[in-house]
Amino acid sequence: MHLDREHCVRAVQSKDARFDGWFFTAVLTTRIYCRPSCPVVPPKAENMTFHPSAAACQQAGFRACKRCRPDTSPGSPEWNRRADLVARAMRLIADGIVDREGVPGLAARLGYSTRQVERQLLAELGAGPLALARAQRAQTARLLVETSTLPMAEIAFAAGFSSIRAFNDTVREVFALSPSELRARAPRSGPGTPGVLTLRLPFRAPLHPSNLFGHLAATAVPGVEEWRDGAYRRTLRLPYGHGIAALAPRPGHIACRLTLSDLRDLTVAISRCRRLLDLDADPVAVDERLRTDPLLAPLVDRAPGRRVPRTVDEAEFAVRAVLGQQVSTAAARTHAARLVTAHGTPLDDPEGGLTHLFPDPGALAAVDPGNLAMPRTRRTTFTTLVRRLADGDLHLGVEADWAEARARLLALPGFGPWTVDVIAMRALGDPDAFLPTDLGIRRAAKELGLPSTPAALTARAAGWRPWRAYAVQYLWATDDHPINHLPA
């Protein structure tokens, strides 16, 4: 989009927040870069240049605006709706893979050479993987400087910098302030709880929270997830340790409290929380498309901005999808809770009732199938899935190729279209996944006058592409099910 100069200039002059994260405005006279919705008086059009990423702005010698803080923009929706090399690379970089495994590790997970990855990222984003990771480290450092009382040396290494000097130099270069000056400018707050960070997660408006948080709360696995004091809380398995996230809808943002055993996991934890709540979506584009169907338009107008509830752990969700085959929501929760109690990793939660991390595929692969309270055919489905996940034969993470993952899932015993598509929608993050055989969808279709047979409904849904997963949320919302309501 940054190449469409006329469109970008209009977005900046109208301060359109919808385009925050899509592109960044660099001002030649001041040498700063901003988000499109920056509240200051827009610069003259001839003084604007446009870049596809904050990293590209930084590489061109521009500093982040102190007013609009472009480093805190929502992520580009492009990386959530695409499954090509660049989109998969951006999802991995957001998950901190470059900091943990370097560019060779990034390339290996994508199945390409480092040169191919660097070339494609430079062509589309104006910056290579190291520069993109560096920009992300700067953002993480700023969060820790402003929201914690940690010593600067601890912040430097928690944010992923290799040295304190690199931390100081990067912060000064990106923000035109030293780390100490950043902390001095931050709003004063009382002493926080050690190890707990309180953040605001931005999103593009509108956001309708009922089905998003209602779904997560209604399907919560006891011990791993809960709804408490108006917030969805869950445990997180992270690269360096574990954590607990508490997420609550607020006007204009999501309130996020993170309790981490290792602060190096902050970037990953934020990325996974944003992915869970689908916060980088472009709801205006989605809803505009769905409104073109006269039978869907009233549903969209009634509650615009529905998101797709996703997951923080793709392997966990795949296991839970199998446990939920042909049983009620309550039964699926019971099956999952038994696995958690028997095979999950215990942890302490002084603030609530969370007790375990969901068991990883390695632990589940060691489970005796005879101890599983489910039909024999589903036991086979379960054991085959967890073995493939544990052996690395099946990849469902952010680096997964959606088409390849679908084909591998369909080849497993007991995996039909419904199971594969619900995993594609909520674990892989495919915004066009569709569930024409789902009972709730067929009931909604009949009530609205849409075709009720799977083939006919799929044909009708072609006009909703590439946002059929969002259409599923609007169709589900016609039912008075707990997944569609915020808990009391």
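Look a little higher up for the structure.
**Some remarks on helix H5 (residues 97-110)**
Right, on to step 1. Taking 1.5 Å of rise per residue, the 14 residues of H5 would be expected to cover 20 Å, yet its terminal C-alpha atoms sit only 11 Å apart, more than 12% below that figure.
Right, on to step 2. Where H5 is concerned, the buried positions are Ile97, Val98, Val103, Gly105, Leu106, Ala107 and Leu110.
Right, on to step 3. Where H5 is buried, its residues touch helix H4 (85-94), helix H6 (114-125) and helix H7 (129-147).
Right, on to step 4. Looking one or two places after H5, you find Gly111, whose phi comes out positive at around 80°.

**Digging into the packing of aromatic side chains**
Right, on to step 1. Tallied over the full model, the rule gives 6 aromatic pairs.
Right, on to step 2. On the basis of an interplanar angle of 80° and a centroid distance of 5.6 Å, the ring pair of Phe23 and Phe50 is categorised as edge-to-face. Residue Phe23 is located in the loop between helix H1 (5-13) and strand E1 (24-27), and its partner Phe50 is located in strand E3 (residues 48-51); the two are separated by 27 residues in the primary sequence. Each member of the pair, Phe23 as well as Phe50, is classed as buried.
Right, on to step 3. The residue whose ring lies beneath Arg137 is Phe161, and the NZ or CZ to ring-centre distance is 5.6 Å.

**Side note on the packing of H5 against H7**
Right, on to step 1. One way to put it is that H5 packs onto H7 with a least axis distance of 10 Å and a crossing angle of 165°. Here H5 lies roughly antiparallel to H7, going by the angle between them. The element H5 and its partner H7 pack so that their crossing is right-handed. Along the contact surface, H5 presents Val98, Asp99, Val103 and Leu106, while H7 presents Pro129, Leu130, Ala133 and Arg137.

**Side note on the nonpolar core**
Right, on to step 1. Core analysis: the largest hydrophobic core is formed by 62 residues, its most contacted members being Phe382, Ile423 and Trp464.
Right, on to step 2. Apart from the residues within four sequence positions on either side, Phe382 is in contact with Val319, Val322, Leu323, Leu339, Leu364, Leu372 and Met374.
Right, on to step 3. Leu201, Leu216, Leu236 and Cys273 belong to the second-largest nonpolar core, a separate cluster that totals 51 residues.

**Quick notes on the side chain of Thr381**
Right, on to step 1. Topologically, Thr381 is positioned in helix H18 (residues 376-391).
Right, on to step 2. Polar contacts involving the side chain of Thr381 include one to the main-chain carbonyl oxygen of Pro413, which spans 3.0 Å.
Right, on to step 3. Residues in contact with Thr381, not counting those within four places in the same chain, are Val322, Gln325, Pro413, Gly414 and Phe415.

**Brief notes about the environment of Gly449**
Right, on to step 1. Position of Gly449 among the secondary structure elements: in the loop between helix H21 (439-448) and helix H22 (454-460).
Right, on to step 2. Here the alpha-carbon distance between Gly449 and Leu295, two residues 154 residues apart in the chain, equals 7.7 Å.

**Brief notes about the pattern of salt bridges**
Right, on to step 1. Under the criterion given, the structure shown has 36 salt bridges.
Right, on to step 2. Here Glu6 makes a salt bridge to Arg10, at a shortest N to O gap of 3.1 Å. Of this pair, Glu6 and Arg10 both sit in helix H1, 4 residues apart, which is roughly one turn of that helix.
Right, on to step 3. Residue Arg10 is classed as partly exposed on the basis of its relative accessible area, which comes to 45%.
Right, on to step 4. Measuring nitrogen to oxygen at the nearest pair gives 2.7 Å for the salt bridge that ties Glu124 to Arg82. A residue pair is termed long-range when its members are at least 10 positions apart, and Glu124 in helix H6 and Arg82 in the loop between helix H3 (78-81) and H4 qualify at 42 residues.

**As for helix H12 (residues 266-276)**
Right, on to step 1. For H12, the buried fraction is high: 11 of the 11 residues fall into the buried class.
Right, on to step 2. Every buried residue belonging to H12 is among Leu266, Thr267, Val268, Ala269, Ile270, Ser271, Arg272, Cys273, Arg274, Arg275 and Leu276, and all of these are buried.
Right, on to step 3. The first or second residue beyond H12 is Asp278, which carries a positive phi of 55°.

**What about unusual backbone geometry?**
Right, on to step 1. With omega at 0°, the peptide bond leading from Ala205 into Pro206 counts as cis.
Right, on to step 2. Residue Arg31 is not a glycine yet carries a positive backbone phi of 60°.
Right, on to step 3. Relative to the assigned elements, Arg31 resides in the loop between E1 and strand E2 (32-34).
Right, on to step 4. We note that Arg69 has phi near 50°; this positive angle belongs to a residue other than glycine.
Right, on to step 5. Structurally, Arg69 is set in the loop between strand E4 (63-64) and H3.

The rules behind each value
- Residues numbered from 1 in each chain as written.
- Predicted model: local features only at pLDDT ≥ 70, side-chain atom pairs only at ≥ 80, totals over all residues.
- Heavy atoms only, no water.
- Helix = DSSP H or I, 4+ residues; strand = E, 2+ residues; numbered from the N terminus.
- Expected span 1.5 Å × (residues − 1).
- Buried < 20%, exposed > 50% of the residue type's maximum accessible area, 1.4 Å probe, protein only.
- Contact = heavy atoms within 4.5 Å.
- Phe/Tyr/Trp six-rings, centres within 6.5 Å; stacked < 30°, edge-to-face > 60°.
- Lys NZ or Arg CZ within 6 Å of the ring centre and 35° of its normal.
- Axes fitted to C-alpha atoms, helices over the stretch in contact; angles between N-to-C directions.
- Parallel < 35°, antiparallel > 145°, perpendicular 65-115°, else oblique.
- Left-handed = near helix turned anticlockwise from the far one by under 90°.
- Core = buried A, V, L, I, M, F, W, Y, C linked by side-chain atoms within 4.5 Å.
- Polar contact = N/O pair within 3.5 Å; in protein donor to acceptor, adjacent residues only side chain to side chain.
- Salt bridge = Lys/Arg side-chain N within 4 Å of Asp/Glu carboxyl O.

Remember that the coordinates give geometry; whether it matters functionally is a separate question.
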